[in-house]
Amino acid sequence: DWDLDLLGNWRARVMAAGGASTVTEAHETDARNRIDTLTRTVGAGSPQSVDVRYDAAGNLSFDGTHVFQCDVWNRLLQVNRGHLGTEVPPSLCQ
């Protein structure tokens with residue numbers, strides 16, 4: 001299920017995670033209306049937040065799960081699995 005604001009932007013979603021467990025994802029946005037922080041809660045567990053990162057050109061570079069790399073024309077080149085401690089390499093998009 002999706003929770004949308006009055007403009008149709010998603011604020012949160014709830015997904016089945018197998019069995020009776022659910023995963024809830026919510027986010028906050030910055031002044032540019034970009035996702036700034038993702039918060040994920042599995043079942044009745046504690047929420048875990050991730051700060052989403054963007055490069056100097058405004059391209060998404062890390063979403064808490066994946067590292068995104070693009071070329072000098074802002075085209076997506078590569079997506080790799082990451083984790084909370086992942087060091088995000090500098091983007092070619094500057």
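Presented here is a report on the structure given in the accompanying data block. As the structure is a computational prediction, the values presented were derived from the model and not from experiment.

1. Some thoughts on the sheet that holds strand β5 (residues 48-51)
Spatially, the five strands line up as an open sheet ordered β1-β2-β3-β4-β5, and their pairing is antiparallel. At either end of the open sheet lies a strand with only one pairing partner, and these are β1 (2-4) and β5. Strand-to-strand, the axes of this sheet are offset by a mean angle of 15 degrees, without reference to chain direction. Pairing of strand β3 (residues 22-29) with strand β4 (residues 35-42), which is carried by seven bridges, proceeds in the antiparallel orientation. Directly across from His27, in β4, lies its bridge partner Leu38.

2. Quick word on the pattern of salt bridges
Tallying each qualifying case throughout the model produces five salt bridges. Asp3 is the salt-bridge partner of Arg11, the closest N and O atoms lying 3.0 Å from each other. The closest approach of N and O atoms between Asp30 and Arg34, which form a salt bridge, is 3.1 Å. Relative accessible area serves as the criterion here: at 23%, Asp30 is assigned to the partly exposed category. Overlapping salt bridges, with partners in common, bring together Arg13, Glu25 and Arg40 in one network.

3. Brief notes about the packing of aromatic side chains
Applying the stated rule across the entire model yields one aromatic pair. Judged by centre distance (5.7 Å) and plane angle (85 degrees), the rings of Trp2 and Trp10 are edge-to-face.

4. Let's talk about the side chain of Glu25
Assignment of secondary structure puts Glu25 in strand β3. The class of Glu25 is buried, set by a relative accessible area of 12%. Side chain to side chain, Glu25 and Arg13 meet in a polar contact 2.8 Å long. In terms of polar contacts, Glu25 uses its side chain to reach the side chain of Arg40, at 2.5 Å. For Glu25, the contacting residues outside a window of four places in its chain are Trp10, Arg11, Ala12, Arg13, Met15, Thr39 and Arg40.

The rules behind the values
- Residues numbered from 1 in each chain as written.
- Predicted model: local features only at pLDDT ≥ 70, side-chain atom pairs only at ≥ 80, totals over all residues.
- Heavy atoms only, no water.
- Pairing = 2+ DSSP bridges.
- Helix = DSSP H or I, 4+ residues; strand = E, 2+ residues; numbered from the N terminus.
- Axes fitted to C-alpha atoms, helices over the stretch in contact; angles between N-to-C directions.
- Salt bridge = Lys/Arg side-chain N within 4 Å of Asp/Glu carboxyl O.
- Buried < 20%, exposed > 50% of the residue type's maximum accessible area, 1.4 Å probe, protein only.
- Phe/Tyr/Trp six-rings, centres within 6.5 Å; stacked < 30°, edge-to-face > 60°.
- Polar contact = N/O pair within 3.5 Å; in protein donor to acceptor, adjacent residues only side chain to side chain.
- Contact = heavy atoms within 4.5 Å.

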